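# Coordinate analysis (summary)
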Amino acid sequence: MPGLSVDTPLDGPGTPGPAGLGEPTVRVRAGWTAALSLSTLAVFMAFMTPIQILLPLQLEHIDPAHKSTALAWVTGAGALVAVFANPLAGALSDRTVSRWGRRRPWIVGGALAGAAGLALTAAQHSVPGVALGWCVAQAGLNGMLAGVTTPVADTVPVGQRAEVSGWTGIMQSFGLVLGALLTTLLFTGIWSGYGTLALLTVVFALPFALRFPEPVLPRALRPALDLRRILAGLWISPGAHPDFAWAWLTRFLINLGNALGTLYLLFYLTDSVHYGDPGTGVLVLTVIYTLFAAATAVPVGRISDRRGRRKPFVALSCGVMAVAAVLLAFVHSWTAAMLAAAVLGAGFGIYLAVDQALVTQVLPAALDRAKDLGVINVANSGPQVLAPALAAPIVAFLGGYTALYLATAVVTVLGGVLVRNVRSVD
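A short tour of the structure in this document, coming up. (Residues numbered from 1 in each chain as written. Predicted model: local features only at pLDDT ≥ 70, side-chain atom pairs only at ≥ 80, totals over all residues. Heavy atoms only, no water.)

Below, the discussion takes up helix 11 (residues 278-307). Its 30 residues place the ends of helix 11 42 Å apart at the C-alpha level, agreeing with the 44 Å of an ideal helix rising 1.5 Å per residue. Backbone geometry just downstream of helix 11 places Gly308 in the positive-phi region, at approximately 70°. (Helix = DSSP H or I, 4+ residues; strand = E, 2+ residues; numbered from the N terminus. Expected span 1.5 Å × (residues − 1).)

Below, the structure written as structure tokens:
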């Protein structure tokens, strides 16, 4: 990836100590970051494209009279699976002693399982069937996510972490752009859309897994393979680790705001903006969003790395995203929607880079990085469970889309305020 600054080149892991359990000290090269970003692109393309495009279209065809409720049930069920699957896969990744390392088996295995779930979803013709298929896909993709999230903490030194997180972070929105382009312009059928996503998820996962080896965890260092201990370890005491708890809550609130604002975007363009082709409208807004996210993520990540500060940038990102939500709340026009997409993208780009770097600095133990990041990732998936339960009654009974986007702004600002409670990171 052009523009990555490097002091000491490294084409593979730069982690000292046994099995890479020490604090990374050697900067990673652009090729490593590009390959990890491609795997990240794969998992978020498979996550986000169905939520934003394929599932709404599929459910509208199955049950047009109750499309909003059906979408809420399906996405909520999938997110509930993700709440448990991600930290559990992370805990098992921490205990993996294969000769391929701890993370790569989960990247490839999760990609294959997620692809199978997408194919299963495509074959369904009822709301319960779609929910089942999507839950299978979520389980596999969250196993993959556990694998692609942790290498930044395993391998990237703190002074480079926000920059690398900026590259991997913008893959979240770029994944939706690529998925939307494929499923709205090239592969417009439900089956062809899901099938294309399934294939690319596996293909894009392979370069990082095949090219960059990682240290093997010695069996003597493996945490116990005891299910009760694993499940008990998913609880991280806020009293013992307050910074981790505040970082988790901050991320939960910001992602809840994001989930509230994006869940009904297709229906917002249809019912409130009255845009003639809402599917294409979502694509246009996503492209605008992604371009502005890309414009801020890496540059702000570099500034954050140089200054060694994270919290002011997280707070700034929340304020910027709240402005976009207020604009959507009060101005229901296509022009306002495009402007809001640009502002929201700029804010979210800052957030993606800096917050991920902040989180890696408050993890309780090196031996449990994937599990702890899995717990953090519950703050990404948990809002997907809660958002449908909140958004549906807000839209139906409490003020429609104006109230929905005002709620988005309030929740997002609250997340930016609470990040101040993280004490060990500036």
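Resuming the write-up.
Let us now look at unusual backbone geometry. A positive phi angle, near 60°, is found at His274, a position not held by glycine. Its place among the elements puts His274 in the loop between helix 10 (265-271) and helix 11. Look at His274 and you get exposed, because its relative accessible area is 60%. (Buried < 20%, exposed > 50% of the residue type's maximum accessible area, 1.4 Å probe, protein only.)

What follows is about the pattern of salt bridges. Here the structure, examined in full by the defined rule, presents nine salt bridges. With a closest N to O distance of 2.9 Å, Asp355 and Arg251 form a salt bridge. Residue Asp355 is located in helix 13 (residues 334-360), and its partner Arg251 is located in helix 9 (residues 242-262); the two are separated by 104 residues in the primary sequence. The same class applies to Asp355 and to Arg251, which are both buried. Between Asp372 and Lys371 there is a salt bridge, with its nearest N and O atoms 2.8 Å apart. (Salt bridge = Lys/Arg side-chain N within 4 Å of Asp/Glu carboxyl O.)

The next thing to look at is the side chain of Asp154. Mapped onto the fold, Asp154 is located in helix 5 (residues 151-155). The class of Asp154 is buried, set by a relative accessible area of 6%. Among the polar contacts listed, one links the side chain of Asp154 to the side chain of Arg369, at a separation of 3.2 Å. (Polar contact = N/O pair within 3.5 Å; in protein donor to acceptor, adjacent residues only side chain to side chain.)

Below, the discussion takes up the packing of helix 6 (residues 161-186) against helix 13. Between helix 6 and helix 13, the shortest axis-to-axis distance is 8 Å and the interhelical angle comes to 125°. When the axes of helix 6 and helix 13 are compared, the pair comes out oblique. The handedness of the crossing between helix 6 and helix 13 is right-handed. Two secondary-structure elements touch here, helix 6 through Arg161, Ala162, Ser165, Gly166, Gly169, Ile170 and Gln172 and helix 13 through Phe348, Leu352, Ala353, Gln356, Ala357 and Thr360. Broken down by class, the residue content of the contact of helix 6 with helix 13 amounts to six nonpolar, six polar and one charged. (Axes fitted to C-alpha atoms, helices over the stretch in contact; angles between N-to-C directions. Parallel < 35°, antiparallel > 145°, perpendicular 65-115°, else oblique. Left-handed = near helix turned anticlockwise from the far one by under 90°. Contact = heavy atoms within 4.5 Å. Nonpolar A, V, L, I, M, F, W, Y, C, P; charged D, E, K, R; others polar.)

Judged by side-chain polarity, Leu181, Leu185, Leu186 and Phe187 come together as a nonpolar surface patch covering roughly 380 Å² of accessible area. Turning to its location among the elements, Leu181 is positioned in helix 6. The class for Leu181 is partly exposed, based on a relative accessible area of 34%. (Patch = residues over 30% accessible without salt bridge, like charges linked within 9 Å, V, L, I, M, F, W, Y side chains within 5 Å. Areas by Shrake-Rupley, 256 points an atom, 1.4 Å probe, with all protein chains shown as cover.)

Glancing now at helix 7 (residues 190-211). For helix 7, built from 22 residues, the straight-helix expectation of 32 Å at 1.5 Å per residue is met to within 8% by its first-to-last C-alpha distance of 33 Å. Taken as a whole, helix 7 carries its principal kink of about 25° at Ala205; the proline Pro207 stands between one and four residues after it. Of the residues making up helix 7, those classed as buried are Gly193, Tyr194, Thr196, Leu197, Ala198, Leu200, Thr201, Val202, Phe204, Ala205, Phe208 and Ala209. Here the buried face of helix 7 lies against helix 1 (30-62), helix 3 (104-122), helix 4 (127-149), helix 5 and helix 6. (Bend = angle between axes of the 7 residues up to and from the residue.)

A separate point is the nonpolar core. Counting residues in each nonpolar core, the largest one holds 112 residues, and the members touching the most others are Trp32, Val43, Leu118, Tyr264 and Tyr268. With sequence-adjacent residues up to four places away left out, Leu118 is seen in contact with Ala46, Pro50, Trp134, Ala137, Tyr194, Leu197, Ala198 and Thr201. (Core = buried A, V, L, I, M, F, W, Y, C linked by side-chain atoms within 4.5 Å.)

Applying the stated criterion to the full structure yields ten aromatic pairs. On the numbers, 5.9 Å between centres and 55° between planes, the contact of Phe44 with Phe47 is tilted. In this pair, Phe44 and Phe47 are both assigned in helix 1, three residues apart and thus about one turn of the helix distant. In this structure Phe44 comes out as buried when scored by relative accessible area, which is 13%. Residues Tyr289 and Phe348 carry aromatic rings whose centres are separated by 6.1 Å and whose planes lie at 35° to one another, so their mutual orientation is tilted. Residue Tyr289 is found in helix 11, and its partner Phe348 is found in helix 13; the two are separated by 59 residues along the sequence. We note that Tyr289, like Phe348, is buried. Members of the aromatic cluster, joined through ring pairs, are Trp32, Phe208 and Phe212. (Phe/Tyr/Trp six-rings, centres within 6.5 Å; stacked < 30°, edge-to-face > 60°.)

Interaxial distance between helix 9 and helix 14 (residues 369-397) falls to 8 Å at its minimum, and their mutual angle equals 35°. Viewed along their axes, helix 9 and helix 14 form a crossing whose handedness is right-handed. Split into classes, the residues belonging to the contact of helix 9 with helix 14 amount to 15 nonpolar, five polar and two charged.

Before going further, it helps to examine the environment of Leu414. Positionally, Leu414 belongs in helix 15 (residues 400-418). Here Leu414 falls in the partly exposed class, since its relative accessible area comes to 41%. Along the sequence, Leu414 and Gly319 sit 95 residues apart, while their C-alpha atoms lie 9.7 Å from each other.

Note on placement: Thr286 falls in helix 11. Those residues in contact with Thr286 that sit more than four places away from it in its chain are Ser173, Leu176 and Val177.

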